[in-house]
Amino acid sequence: MTDTTTATAEFSVSRSFKAPRAQIWQAWTSREGLSRWWGPKGWDLHVAQFDFRVGGVFHYSMAQGGQTMWGRFVYREIAAPERLVFISSFANEAGDVTRAPFSTTWPLEVLNVLTLSEIADGTRVDLRAGPINATADELEFFEGMRDSMRQGFTGTFDNLDALLARS
């Protein structure tokens, strides 16, 4: 990771999919693709802005049971079809970075490095993430959220798996 991320704060998750890398790349890098699977299981996603280029923004809201949360990615590196680097943050409706609705010590910015690798029967997705420009309290909170993040990405990747199975 880069910036001021510490190695101990890095979170990683991997999953193999029975789909070609190009199809998974499209799901991660298109407005339509992301709108059909990104986010926790059971949440509805609305794309407010999608500008897929270095420096561009994916700004979205997720809603479930009367609760709405906003988020955004800012793309830092695009190397099709194998690597995508972006900063994720919670946001408000205008797209400004905000604190997470569940904690005042969740890091404001998380650097994500996505790698897609071809394997014998499909594609392996590896995602590494770590806070950048974070305080000691933010790093500690992030560290304590590993199980929750793993659970969240399991559901999100289940959504992607279901989308790929329908395609």
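Quick note: structure is the one above.
Residues numbered from 1 in each chain as written. Predicted model: local features only at pLDDT ≥ 70, side-chain atom pairs only at ≥ 80, totals over all residues. Heavy atoms only, no water.

Peer 1: Any chance you could explain the pairing of strand β2 (residues 44-50) here in plain terms?
Peer 2: Sheet analysis places β2 next to strand β3 (residues 57-64), joined by six bridges and oriented antiparallel. Within β3, the residue paired with Q49 across the bridge is H59. The hairpin formed by β2 and β3 contains six residues between the paired strands, and G55 there has a positive phi angle of roughly 90°. (Pairing = 2+ DSSP bridges. Helix = DSSP H or I, 4+ residues; strand = E, 2+ residues; numbered from the N terminus.)

Peer 1: Help me understand the packing of aromatic side chains, please; the structure alone is not making it clear to me.
Peer 2: Aromatic rings in a pair are described by how distant their centres are and how their planes are angled relative to each other. The full count for this structure, using the stated rule, is 24 aromatic pairs. Relative to F52, the ring of W25 lies with its centre 6.4 Å away and its plane at 75°, an arrangement referred to as edge-to-face. Here W25 is found in helix α1 (residues 21-29), whereas its partner F52 is found in the loop between β2 and β3, with 27 residues between them in sequence. Residue W25 is classed as buried on the basis of its relative accessible area of 9%. Its relative accessible area of 26% is what places F52 among the partly exposed residues. With 5.5 Å between their ring centres and 85° between their planes, W37 and W38 make a pair best called edge-to-face. Judged on exposure class, the residue W37 and its partner W38 are both buried. (Phe/Tyr/Trp six-rings, centres within 6.5 Å; stacked < 30°, edge-to-face > 60°. Buried < 20%, exposed > 50% of the residue type's maximum accessible area, 1.4 Å probe, protein only.)

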